[in-house]
There are 4 protein chains.
Amino acid sequence: MHMTSTQRARVAVAGASGYAGGEFLRLAANHPHLAVGALTAHSNAGASLGSLHPHLRSLADRVLAPTSVEALAGHDVVVLALPHGASGAIAAQLPDDVLVLDLGADHRLTSPAAWEQFYGSPHAGSWPYGLPELLHASGGAVTGRQRDVLHGATRVAVPGCNVTAVTLGLQPGVAAGIVEARDLVAVLANGYSGAGKALKTHLLASEALGSAAPYAVGGTHRHIPEIRQNLAVAGAEDVTLSFTPTLVPMARGILATATARLAPGLDPATAADAVRDVWERAYADEPFVHLLPEGQWPTTAMTLGANTALIQVAVDAAAGRVVTVTAIDNLVKGTAGGAVQSLNLALGLPETAGLITEGVAP
Amino acid sequence: MHMTSTQRARVAVAGASGYAGGEFLRLAANHPHLAVGALTAHSNAGASLGSLHPHLRSLADRVLAPTSVEALAGHDVVVLALPHGASGAIAAQLPDDVLVLDLGADHRLTSPAAWEQFYGSPHAGSWPYGLPELLHASGGAVTGRQRDVLHGATRVAVPGCNVTAVTLGLQPGVAAGIVEARDLVAVLANGYSGAGKALKTHLLASEALGSAAPYAVGGTHRHIPEIRQNLAVAGAEDVTLSFTPTLVPMARGILATATARLAPGLDPATAADAVRDVWERAYADEPFVHLLPEGQWPTTAMTLGANTALIQVAVDAAAGRVVTVTAIDNLVKGTAGGAVQSLNLALGLPETAGLITEGVAP
Amino acid sequence: MHMTSTQRARVAVAGASGYAGGEFLRLAANHPHLAVGALTAHSNAGASLGSLHPHLRSLADRVLAPTSVEALAGHDVVVLALPHGASGAIAAQLPDDVLVLDLGADHRLTSPAAWEQFYGSPHAGSWPYGLPELLHASGGAVTGRQRDVLHGATRVAVPGCNVTAVTLGLQPGVAAGIVEARDLVAVLANGYSGAGKALKTHLLASEALGSAAPYAVGGTHRHIPEIRQNLAVAGAEDVTLSFTPTLVPMARGILATATARLAPGLDPATAADAVRDVWERAYADEPFVHLLPEGQWPTTAMTLGANTALIQVAVDAAAGRVVTVTAIDNLVKGTAGGAVQSLNLALGLPETAGLITEGVAP
Amino acid sequence: MHMTSTQRARVAVAGASGYAGGEFLRLAANHPHLAVGALTAHSNAGASLGSLHPHLRSLADRVLAPTSVEALAGHDVVVLALPHGASGAIAAQLPDDVLVLDLGADHRLTSPAAWEQFYGSPHAGSWPYGLPELLHASGGAVTGRQRDVLHGATRVAVPGCNVTAVTLGLQPGVAAGIVEARDLVAVLANGYSGAGKALKTHLLASEALGSAAPYAVGGTHRHIPEIRQNLAVAGAEDVTLSFTPTLVPMARGILATATARLAPGLDPATAADAVRDVWERAYADEPFVHLLPEGQWPTTAMTLGANTALIQVAVDAAAGRVVTVTAIDNLVKGTAGGAVQSLNLALGLPETAGLITEGVAP
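Thresholds applied
- Throughout this description, residue numbers start from 1 for each chain and increase along the sequence as written.
- Here the convention is simple: chains get letters from A, ligands get numbers from 1, in the order in which they are written.
- Local features in this predicted model are restricted to residues whose pLDDT is 70 or higher, and side-chain atom pairs enter the listing and the counts only when it is 80 or higher, whereas totals over whole chains, interfaces and linings include all residues.
- To obtain the side-chain values, all non-hydrogen atoms of the structure were included, while hydrogens and water were left out.
- UniProt positions are given in the numbering used here, feature names are shortened, and annotations may be inferred rather than shown by experiment.
- Two residues qualify as a contact provided that any one of their heavy atoms is within 4.5 Å of a heavy atom in the partner residue.
- Any Lys or Arg side-chain nitrogen located within 4 Å of an Asp or Glu carboxyl oxygen qualifies as a salt bridge.
- Polar contact is defined as a pair of N or O atoms within 3.5 Å, subject to the rule that within protein one atom must be able to donate a hydrogen and the other to accept it, and that residues adjacent in sequence are counted only when both atoms are side-chain atoms.
- Runs of H or I in DSSP of at least four residues are treated as helices and runs of E of at least two as strands, each being numbered from the N terminus.
- Three categories are distinguished: nonpolar for Ala, Val, Leu, Ile, Met, Phe, Trp, Tyr, Cys and Pro, charged for Asp, Glu, Lys and Arg, and polar for the others, with Gly belonging to the last.
- When the centres of two rings from Phe, Tyr and Trp lie within 6.5 Å, Trp using its six-membered ring, the rings pair. Their planes under 30 degrees apart give stacked, over 60 give edge-to-face, and anything left gives tilted.
- Accessibility here uses a 1.4 Å probe with only protein chains present; expressed as a share of the type maximum, an area under 20% marks a residue as buried, one over 50% as exposed, and anything in between as partly exposed.
- Only when the NZ atom of a Lys or the CZ atom of an Arg is both within 6 Å of the ring centre and within 35 degrees of the ring normal do we say a charge sits over the ring.
- The convention is simple: Lys and Arg are positive, Asp and Glu are negative, and His and the chain ends are not counted.
- Least squares is used to superpose the copies, and the fit set is the C-alpha atoms of residues whose pLDDT is at least 70 in both copies.
- For two strands to be treated as a pair, DSSP must find at least two bridges joining them.
- Working rule for helices: expected span equals 1.5 Å times residues minus one.
- The seven residues ending at a residue and the seven starting there each receive a fitted axis; the angle between those axes is the bend at that residue.
- To obtain an axis, a line is fitted to C-alpha atoms, over the contacting stretch when the element is a helix, and the angle between two such axes runs from 0 to 180 degrees between their N-to-C directions.
- The domain limits used here are those given by an automatic or database domain assignment.
- Here the quantity called buried area is the total loss of accessible area, with a 1.4 Å probe, experienced by two parts when brought into contact, counted for both.
- Oblique is the label for any angle not under 35 degrees, not over 145, and not in the 65 to 115 range, which are roughly parallel, roughly antiparallel and roughly perpendicular in turn.
- Two helices that cross are described as forming a left-handed crossing if the nearer one is turned anticlockwise from the farther one by less than a right angle, and a right-handed crossing if clockwise.

The name an unreviewed UniProt entry assigns to chain A is N-acetyl-gamma-glutamyl-phosphate reductase, from the organism Xylanimonas ulmi. The heading Catalytic activity (unreviewed entry) in the UniProt record of chain A holds the text "N-acetyl-L-glutamate 5-semialdehyde + phosphate + NADP(+) = N-acetyl-L-glutamyl 5-phosphate + NADPH + H(+)". For chain A, the Sequence similarities (unreviewed entry) comment in UniProt is given as "Belongs to the NAGSA dehydrogenase family. Type 1 subfamily."

Encoded structure:
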C-alpha cells in the first residue's frame, strides 16, 4: 500500500494498554498520514484508553476491544505490541497486503537456533528488520542500508531498544573494518519504562529511586543475538559481545557505552581522525542519527520524546579501544518511533513524517 | 498581522540560551506557521544553539547574536525570554505592529503598587494577559474569556507558570461564586526547570535528588499578586492566598493543590455535584484544559511536553473546602506553550496550531 | 521491664519482610541494647532476610518463620509490622509484661467511631500513643508531654508517618492558642516507601519518575482522624483539616506544609516574633525535633536515615496564616525510629539510645 | 598514636564545607573514639556548619575557621578534604606523629610520571594507600593485604571512589591469575555527589533529572592510573583499562560494571565455579566487602550510607569474559568511610569502629 499525501492509513494496535502500544499511539495521534482505528488488549479489554494512558488526551474516550483477528481486520496497518510469543499466531492470520509491524521480538532473529537458545520456544520466522539505518557492508565497504529493504514491505520486525542503541553506536566502525567485532563490551544505563508495566518488586519506585541496578548479567540478555545478527549484516565475520544493562532512576532513555578494540594494524595514537571520519560518513545524511560535534557527549535527556539517536566516539589510545556512547529514547527511536519510521518507508511516505527530532529537555 | 495558512511568521527570540527561550524554540521548530529568525543572548552570544540546547537538533547550527534592538528588527514576532526588569526597555523600541510576547514578569501586573511591593523596581506597565482560558466574571456569571482580548493583540504578557496552574484550578469556583476567594491555600510540587539555569548550590542535582525543598514561604513569592489579579478578573472581590511552592526531584512539571472554602450557605455534605458541574462547564470547550473523569487524579507526567492542563476537583465535606489539583508542564502550558497559544490567537491562526495535547508518558 | 546498661532486650519482629519491619531491623541491628530474635512473615516465610532486605548485611542469613504467637513467644519486645487489622488478634495473645509495639494503625485511635468511619472494621482498642513529643495542653498552657505516658509502658501504638509530620508542625501553635485549629490545611510531598511494597501500577518506577501524583484527596485519608486526635490532646477544641498527600519521586521523606489561621485578636503584621517564640519553646529541649534558625527551611534530605524532624515556621501576614514546614524520614522518625524512641522510654533506656540525628546528605 | 577504648582522638577537618568533609563529619559525629575538633574552610570560613551541612545536627553550631596550619595544630588526627594540589603544602607542615588522612588525590600515585600525565602538576609524593582490602599478590598467590601497611601509619592517602569500586570488583581474579589484566573494561553509573559541590550547568538538577550523561570518556579520567597501580599491587604485570563513568540521577552511589577476559587456558564453559571460588575466598573474612549469594546482584541502594561494598561475579562463556558488578556509596566506602576504616587501623582501634554495614534502603 502506498499513500498519497492526503490519505490517512487506518492503523489498529493490538496490545494498546502497554507502554509500547501507548507510545505508538502518542505518535500516531499526531501523525499527518495515520488515523487510529481499533485498539485491543487482553486483561484491559473494556477499559477506556484514558484510564490506562491518561496522557493520550485526544484518544481518551476510545474503548479497548479484546485482541482478536476480527478486531484487527479492515485496517491498512496493524501494530502488534504483544508479549513475545503472542504475535506469530495473530500475524499469520492477517492478510498479506496489510502492513504488520511487530514491536515484539518474535520476528527479529533470522536464526532459529539463536531464537531457541535465548527464548526457549519455537521460532516464528523472521521479517524484514525495521532499522532503516542498519548498514549492509562487506569487506570494509558499505553496500547499502536497511531502508532499501523496507520500501514497500508488508511485514516489519521492529528492533529491540537496546539493540538499536548498541548497533547504531558500533556499526560504522565494524562496517569500515576499523574496529574488531570480537570482544565488544557494552554497558547500558536504562530507564524503567524499558522493563514494561509488569508488577514486580524490583520495578517499584521505592526500590528504584536513588539506586542503580544491573540485570541479565553474564551473557543471558535476549538482545545479544540480535546485536550480533545486526553487526554481521554490517560486515562482521565473528561477533562476541559482553552486554550488561543497568536500570537507573529515569522513566525513559538508554545511554549505551559500547567499546571495541581498534583493528590490528591501526596505531591507536593516531587513529582518532580516521575513526571520527568513519562515524561521520556513516550518519552524515541520516535524519535521525547524529554524530555530535567533537567534545560534546550525548545524554538521554537530549532525546526524550524524540526519534533521535545521538552518538559520540573517541579513541582511548592507551586501552587500544574505540569508545562510543549512544543516547536514545527507548520508547521512541528504540520502539514506537522506529516503528513509525519503518511504517513511513513501507507506505511510501516521507521517512520523517510524524516524527520529530527535538527532545523534551531539560 | 494575520497569517494565511501558507505563510510563516518570522520569529526572533531574545534570551534564547535559557530554559524558557529554549522551550519556545522547541515548539517553534515544529510549528507549521512559524519560521525561526534571529536568536540572541547576553553572556552566551557567539555560541551555537547546539552547544546550549543540544536537544534542539534542527536549530543546532544557529549562532546567538548579542541581544539588541537591531538584532530583533525585521521580524513579525519577537519573544522576550529575559530576566525580569530587562524587557521593558527593549520592548519600548520595537515597532507597534510587531507582535511582542514577554515570557518574563515585567508586563503582567496591572497594579504598579503590587509590582513595586513584590519586585522593588519601577513598573513597566501592563500588556494584554496571555492566559486565553482566564474567565471574566462578575456576580457569579461568566461574561467572557481572555482569548477575546488576545485576538489581534500586538503585545502579550505571558503568565507565570505557578500562576497558570493555580488560576486554572480555582477560577471556575470563584467565577461561579461557589467558593470563597478569601483564605485560599495553594501548595505546589515544582520541577527544577522552573528555577531556571542559575548556578546556585540548592539547585545542584546532588542536593535535589531524593529531597523535597520549600522556597519563598510565607507570602513572599512574586506569583502571589498575579494570582490575586487573575481571580479578581474572575469575579473575586477580595482575595487572600497562602502560597507555598516546593521543589521536588523532577525536571519539569507543576502539581498545584489549591483549596478554597465552600461559599457560605452551601451544604458541604451535598455540594459535590454542583461543584463538579461548575468546573465541568468552565472547561468543557477548552482545547488544552481538561477536567478528568471523576475519581481520576492528574499527575505531572501526563502533561510532560504537552500544552495540557489536567484538573480534578473534590469536596472535603468535613473540612468545608473544595480541593483542586492541577497538573501542567511548567515550560509548556506554564510558559512557552501558553505563549504559542496566545501567539496563535494574536496572529489569527488556529489556537491549537503547533501545539499538542499528548504528554510524553511514562 | 527495665534494662540495665549491659543487658540487651530480645526483640521479635512480625512482618519483617515489609519496609516498616525492615527499617526497624536496620535500627535494631545497631542498637546497643537490643538483640534481634525471631523474624516472621506471611507469604515470605521461609525466605532469608538477605533475599528480602539485602541492605541488612548483619542479619542477611536469618530465615523468616511463619507469623504465629508461638514464634513471637519468649522475647522481651515484640514489634508488629503488619497490615492494619492483623495486629489486634496477635497482640491479645501476647503476655502483658512483654513490650509490644504496633507499627500499624490498629491501636492508634481512641475513638471507635473515628476508627470505623475511616477503616470500616471493628475497633481493636487503643494503646498508649508513641509520639513522645506530643504536647498535652489546655487553655493555652502546656501541661505535659506524651513521653511521660510512655515510661514503662508495655503497649505502644506507633503513629502514622504523615501524622507525625503534621502534628509536630502544628501543635506548638495549637497548644499555645496562637493559631486556630479550625480550617487547617496540610499538603505533603511523600516518598514512595510510604506506600509500602504493594505491587500496584501507579507505584512502578516508570510511572513515578519525573512525576508528582496526589492520592486520597478530599478528606478520605486515614491519617486525618489521628491528626485531629493529636491536636485535641494539644488543646484544640474543634479541629478541621484539609489534608492532601502527593507522591513525589523520592524513596523516602515527608515534607509537610501545614498552615493554620492566626488566632483572632493577633495582628498578623506583628505576630512573627511571638509565633517563633512559641515554636522555639516547644522544641528547645527535644533531642529529635529541631526548629531551624530563622530563614533556613527544612528539606527531606537533611533527615534521611535519621530520627530527626526539622521544622520552620513563618507568618504570612497578608494571608493571616502561619505556615509551617516539617521534614522527616517517613521510615525513621515517621515509623521505626519513632518506635525505637518509644521502646527506649518504655524500657527505661536513654530516649536517644540507638538513634542518630545526622541525616545522610547529600 | 594508639587509642585505648576510653580515649577519643581529636580530629580536625580541613575543607569541612565540601561533600567529602561533611561526610567524614557525619561519621565522626557518631564514632565512639573520635571527638570533632577544628573545622576549617576557604571561602566558607566564618559560616556555621549548620548553614552548610544542615543534616549534621549535633555539629550545627560549629563555626568554620580559615584553613591554616595553626588552626589544624594540636589534634591527634587531621583530615584533608581539599581540592587536589592543596594538601601537599599543608601536610608538609604537620607534625610527623599526627595522623593525616588525605581524602584528595595528591598522595595516591606512586609514579610521578603517572601523576604528571593525568594532573599536570608536580608530584607531592605518595603515602600509604588507604584501601585495607587491597590484595598484595604475585604469581597468582595472595601474599598480604593493604591493612598490614596501615597499622600504625601516620599518613594515609584515601583512594578515589571509582577506584575503590573497580579495584574491589576485579582484584580477586587478577590476584589469582584467573583473568587477564589487559583489556579491562569498566563502565560506571555514578551519583552526582561524586562530582562535588561545584556550580556547573551540567550538574544542575534540571539537567540531571531524567537523564544519564557520560563524562571523561576515552581514557582521560584521573582514576585510571590509580586503578592500574592497584591492580599491579594485586599482581598484574601489565594493565590496560577502558574506563567510562556516567552520571545518573541519584545523589550517591557507584555501580561499577567491570569485565576482564578469562585467562588463556581456562575453558569459559566450565570456569564459573572456579571464578566464584576465587572471589569468595578473597572476601570471605572482610567485614565490609561482601560477595552476594549466587544470582543476587548488588544495587547502590543496598549500600546507601554504609561502608559496605557488595559484589557479584559471573562468567559470560560466549564472550569469554568475567563480569563483575560492585556497588558502593561513593561518599562512605568510596571516601569518608574508607578513611575512617584506615584511621581505625592507624590508631589501633577495631577496624569496624564507628562504621555500619546496613544501608539505608529502600
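Resuming the write-up.
### Quick notes on the interface of chain D and chain B
Each partner contributes residues to the interface: chain D has 19 residues there, and chain B has 19 residues. In this assembly, chain D and chain B are joined by zero salt bridges. Summed over the shared surface of chain D and chain B, the result is six residue pairs in polar contact (both at pLDDT 80 or more). No other element matches helix α8 (residues 205–208) of chain D, which puts four residues into the side of chain D that touches chain B. Of the residues that constitute the side of chain D that touches chain B, the class distribution is twelve nonpolar, four polar and three charged.

### Points about the packing of aromatic side chains
As enumerated under the stated definition, the model contains four aromatic pairs over all chains in all. Relative to Tyr-119 of chain B, the ring of Trp-115 of chain B has its centre 3.9 Å away and its plane inclined at 10°; by these criteria the two rings are stacked. Taken together, the residues span about one helical turn, with Trp-115 of chain B and Tyr-119 of chain B both in helix α5 (residues 112–119) at a distance of four residues. In this structure Tyr-119 of chain B comes out as buried when scored by relative accessible area, which is 10%. Seen from the ring of Trp-127 of chain A, Arg-155 of chain A lies directly overhead, with NZ or CZ sitting 5.7 Å from the centre.

### Comments concerning the side chain of Arg-155 of chain B
Residues and elements named next belong to chain B. By secondary structure assignment, the location of Arg-155 is in strand β8 (residues 155–157). The side chain of Arg-155 sits in the buried core without any salt bridge; Asp-96 is the nearest counter-charge, 4.2 Å away. In terms of polar contacts, Arg-155 uses its side chain to reach the backbone carbonyl oxygen of Leu-94, at 3.2 Å. Reaching out from Arg-155, the side chain makes a polar contact with the backbone oxygen of Pro-95 at a distance of 3.3 Å. In this structure Arg-155 touches Ala-91, Leu-94, Pro-95, Asp-96, Val-98, Leu-99, Val-100, Trp-127 and Pro-128, once residues within four positions along its chain are discounted.

### Describing the pattern of salt bridges
All chains considered together, the criterion is met by 68 salt bridges over all chains. The residue Asp-277 of chain D makes a salt bridge to Arg-281 of chain D at a minimum N-O spacing of 3.1 Å. Of this pair, Asp-277 of chain D and Arg-281 of chain D both sit in helix α10 (residues 272–283), four residues apart, roughly one helical turn. Here the residues in one salt-bridge network are Glu-180, Asp-183, Arg-261 and Arg-321 of chain A together with Glu-180, Asp-183, Arg-261 and Arg-321 of chain D, joined through shared partners.

### A word on the UniProt feature "active site" (unreviewed entry) in chain A
Residues and elements named next belong to chain A. The sites that carry the UniProt feature "active site" (unreviewed entry) are, in the present numbering, Cys-161. Taking relative accessible area as the criterion, Cys-161 reaches 13% and is therefore assigned buried. Once you skip the residues sitting within four places of it in the chain, Cys-161 turns out to touch His-223, Ile-254, Ile-328, Asn-330, Gly-334 and Thr-335.

### Observations regarding the relation of the copies chain D and chain A
Between chain D and chain A, which share one sequence, the superposing operator has a rotation angle of 180° and an axial displacement of 0.0 Å; the RMSD is 0.0 Å. Viewed as a symmetry operation, the transformation between the two copies matches a two-fold axis. A symmetric contact is evident, with 100% of the interface residues of chain D recurring at the interface of chain A.

### Focus: the pairing of strand β11 (residues 241–247) of chain A
Residue and element names in this part refer to chain A. Counting buried residues in β11 gives seven out of seven residues, a clear majority hidden from the surface. Taking every second residue as pointing to the same face, both faces of β11 are buried, with Leu-241, Phe-243, Pro-245 and Leu-247 on one and Ser-242, Thr-244 and Thr-246 on the other. Here strand β10 (residues 213–214) runs beside β11; their pairing, made up of two bridges, is antiparallel. When the bridges of β11 are listed, Ala-213 appears paired with Leu-247.

### Side note on helix α11 (residues 332–347) of chain C
Residue and element names in this part refer to chain C. In a regular helix each residue adds 1.5 Å, so 16 residues correspond to 22 Å; α11 covers only 19 Å between its end C-alpha atoms and thus falls short of that length. Approximately 45° is the largest bend angle found in α11, and it occurs at Gly-338. Extensive coverage of α11 is indicated by the burial of 16 of its 16 residues.

### Some thoughts on the sheet that holds β8 of chain B
Residue and element names in this part refer to chain B. A sheet is described by the order of its strands in space; here six strands give the open sequence β3-β2-β1-β4-β5-β8, paired in parallel fashion. Bordering the open sheet on either side are β3 (65–66) and β8, each of which pairs with just one other strand. The pairing of strand β1 (residues 9–14) with strand β4 (residues 77–80) spans four bridges and is parallel. Directly across from Ala-14, in β4, lies its bridge partner Leu-80. Across the face of the sheet, helix α1 (residues 19–28) comes into contact with β1, β2 (34–41) and β4 while running at roughly 160° to β2.

### A short note on the domain arrangement of chain A
Residues and elements named next belong to chain A. Structurally, chain A comprises domain 1 (9–158 + 334–346) and domain 2 (162–330). Each partner contributes residues to the interface: domain 1 has 31 residues there, and domain 2 has 37 residues. Summing the contributions of domain 1 and of domain 2, the shared interface buries around 2,600 Å²; its carbon and sulfur component is 50%. Among the residues domain 1 hides against domain 2, the three largest losses belong to Tyr-19, Phe-118 and Leu-135. Together they make up 24% of the total. Here domain 1 and domain 2 share four salt bridges between them. The partner of Arg-252 in a salt bridge is Glu-23, and the shortest N-O contact between them spans 2.6 Å. Between domain 1 and domain 2 we count 21 residue pairs in polar contact (both at pLDDT 80 or more) in total. Residue composition of the side of domain 1 that touches domain 2, grouped by class: 13 nonpolar, twelve polar and six charged.

### Notes on the sheet that holds strand β13 (residues 289–291) of chain B
Residue and element names in this part refer to chain B. Spatially, seven strands are ordered β10-β11-β9-β12-β15-β14-β13 in an open sheet, and the strand pairing comes out mixed. Of all strands in the sheet, those with a lone pairing partner are β10 (213–214) and β13, marking the two edges. Here β13 pairs with strand β14 (residues 309–316) via three bridges, running parallel. The residue of β14 that forms the bridge with Val-289 is Ala-309. Relative to the sheet, helix α10 (residues 272–283) contacts β13, β14 and β15 (321–328), its axis offset from that of β14 by approximately 165°.

### Quick word on the packing of helix α7 (residues 161–176) of chain D against α10 of chain D
All names here are of chain D. Their axes nearest at 9 Å, the elements α7 and α10 cross at an angle of 110°. One element, α7, and the other, α10, form an angle in the roughly perpendicular class. Crossing handedness for the pair α7 and α10: right-handed. Residues Thr-167, Leu-168, Gly-169, Leu-170, Gln-171, Pro-172, Gly-173 and Ala-176 of α7 touch α10, and the partners they reach there are Val-278, Trp-279, Ala-282 and Tyr-283.

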